[in-house]
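Architecture and fold: a report
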Amino acid sequence: MGNESSYPEQMCSHFDHDEIRRLGKSFKKLDVDHSGSLSVEEITSLPELQNNPLVRRVIDVFDTDGNGEVDFEEFIRGASQLSVRGDQEQKLRFAFSIYDMDRDGYISNGELFQVLKMMVGDNIRDWQLQQLVDRTIITLDKDGDGKISLEEFSAVVRDLLKTSSNCLSA
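Residues numbered from 1 in each chain as written. Predicted model: local features only at pLDDT ≥ 70, side-chain atom pairs only at ≥ 80, totals over all residues. Heavy atoms only, no water.

A closer look at the overall build of the chain
Helix and strand content of the chain: 8 helices and 4 strands. When the helices and strands of the chain are placed in sequence order, the string is α-β-α-α-β-α-α-β-α-α-β-α. Counting only residues that meet the buried cut, the chain has 35% of its 170 residues in that class. Contacts in the chain between residues far apart in sequence, at least 24 positions, make up 53% of those at least 6 positions apart. Entry remark: accessible area of the chain is about 10,300 Å², with carbon and sulfur atoms responsible for 54%. (Helix = DSSP H or I, 4+ residues; strand = E, 2+ residues; numbered from the N terminus. Buried < 20%, exposed > 50% of the residue type's maximum accessible area, 1.4 Å probe, protein only. Contact = heavy atoms within 4.5 Å. Areas by Shrake-Rupley, 256 points an atom, 1.4 Å probe, with all protein chains shown as cover.)

Here we look at helix α1 (residues 17-30)
Spanning 14 residues, α1 covers 20 Å between terminal C-alpha atoms, matching the ideal 20 Å at 1.5 Å per step. Within α1 the residues assigned to the buried category are Glu19, Ile20, Leu23, Gly24, Phe27 and Leu30. The arc that holds every buried residue of α1, seen down its axis, measures 140°, which confines them to one face. Here α1 starts with a cap whose side-chain oxygen sits 3.1 Å from the backbone nitrogen of Asp18, and that cap is Asp16. (Expected span 1.5 Å × (residues − 1). Arc of directions from axis to C-beta. Polar contact = N/O pair within 3.5 Å; in protein donor to acceptor, adjacent residues only side chain to side chain.)

Thoughts on the environment of Leu30
Mapped onto the secondary structure, Leu30 falls in helix α1. Since its relative accessible area comes to 14%, Leu30 is described here as buried. Along the primary structure Leu30 and Thr44 are separated by 14 residues, whereas in three dimensions their C-alpha atoms are 9.6 Å apart. Discounting chain neighbours no more than four positions away, the residues touching Leu30 are Leu38, Glu42, Ser45 and Leu46.

A short note on the pattern of salt bridges
Once their charged atoms are close, side chains differing in charge can pair, the charge on each being opposite to the other. Applying the stated criterion across every chain, the model contains 6 salt bridges. A salt bridge links Arg21 to Asp18, with the nearest nitrogen and oxygen atoms 3.6 Å apart. One end of the pair is Arg21 and the other is Asp18, both in helix α1 and 3 residues apart, which spans about a single turn. The partly exposed category is assigned to Asp18, whose relative accessible area is 39%. Measuring nitrogen to oxygen at the nearest pair gives 1.9 Å for the salt bridge that ties Glu89 to Arg158. Of this pair, Glu89 sits in helix α5 (residues 88-99) while Arg158 sits in helix α8 (residues 150-169); the two residues are 69 residues apart in sequence, bridging distant segments of the chain. (Salt bridge = Lys/Arg side-chain N within 4 Å of Asp/Glu carboxyl O.)

Brief notes about the UniProt feature "domain: EF-hand" (unreviewed entry) in the chain
Taking the UniProt record as the reference, the feature "domain: EF-hand" (unreviewed entry) is found at residues 50-85, 87-122 and 128-163. A distance of 35 Å separates the end C-alpha atoms of residues 87-122, which is 67% helix and 6% strand. (UniProt positions renumbered as here; feature names shortened; annotations may be inferred.)

Overview of the confidence of the model for the chain
Confidence along the chain averages 87 in pLDDT terms, with 88% of residues attaining 70 or more. The model gives residues 1-5 a pLDDT under 50, and that stretch makes 12 contacts with residues more than four places away or in other chains. (pLDDT = per-residue confidence, 0-100.)

Describing the nonpolar core
Considering soluble globular proteins, one finds that nonpolar side chains tend to be buried as a cluster. Core analysis: the biggest nonpolar cluster contains 33 residues, and Phe75, Ile98, Tyr99, Ile107, Leu112 and Val133 have the highest contact counts within it. Taken together, the elements giving at least two residues each to this core come down to α1, α2 (40-43), α3 (55-62), α4 (72-82), α5, α6 (109-120) and α7 (126-140). (Core = buried A, V, L, I, M, F, W, Y, C linked by side-chain atoms within 4.5 Å.)

Overview of the packing of aromatic side chains
The tally for this structure, following the rule as stated, stands at 6 aromatic pairs. Considering the side-chain rings of Phe96 and Phe153, the 5.5 Å spacing of their centres and the 70° angle between planes classify their relative orientation as edge-to-face. Within this pair, whereas Phe96 is found in helix α5, its partner Phe153 is found in helix α8, the two being separated by 57 residues in sequence. Overall, Phe96 belongs to the buried group, its relative accessible area being 5%. One residue, Lys147, lies across the ring of Tyr106, its end atom 4.2 Å from the ring centre. (Phe/Tyr/Trp six-rings, centres within 6.5 Å; stacked < 30°, edge-to-face > 60°. Lys NZ or Arg CZ within 6 Å of the ring centre and 35° of its normal.)

Structure follows, in structure tokens:
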């Protein structure tokens, strides 16, 4: 893994040195084969992640070099996006990237179907899920290109957050 103190500060701007050190200890505990990176199996060995249907998508998003494992720098960058100190834009980009499986900057009909299928499993029939996906794309796709951009995704999420915030304060 290397020395976590040797990583540049901008790599993980939301964590201070002590937090990076603690994350480094957690990383080392998960890295049971001492390879310096976490495999899918090592990450999913955590009981709280074993039943999460999106854990593999999160790992794919963390794995920015696409080698199938998460090294310490990827781990810190990914965790930083999810930290409470992460800004809303980072969190929106992260959530968007869960659905943007091919990393082309858009959520296609097929990608939305695949991610939702991971979430619902066999609890809904494929044709019903496809209808939901089709309606979602039609509703969110403001420019009519047949896919959802980050801007279209962000606008909807911001509206939902604003609406839920208003409901909570009422």
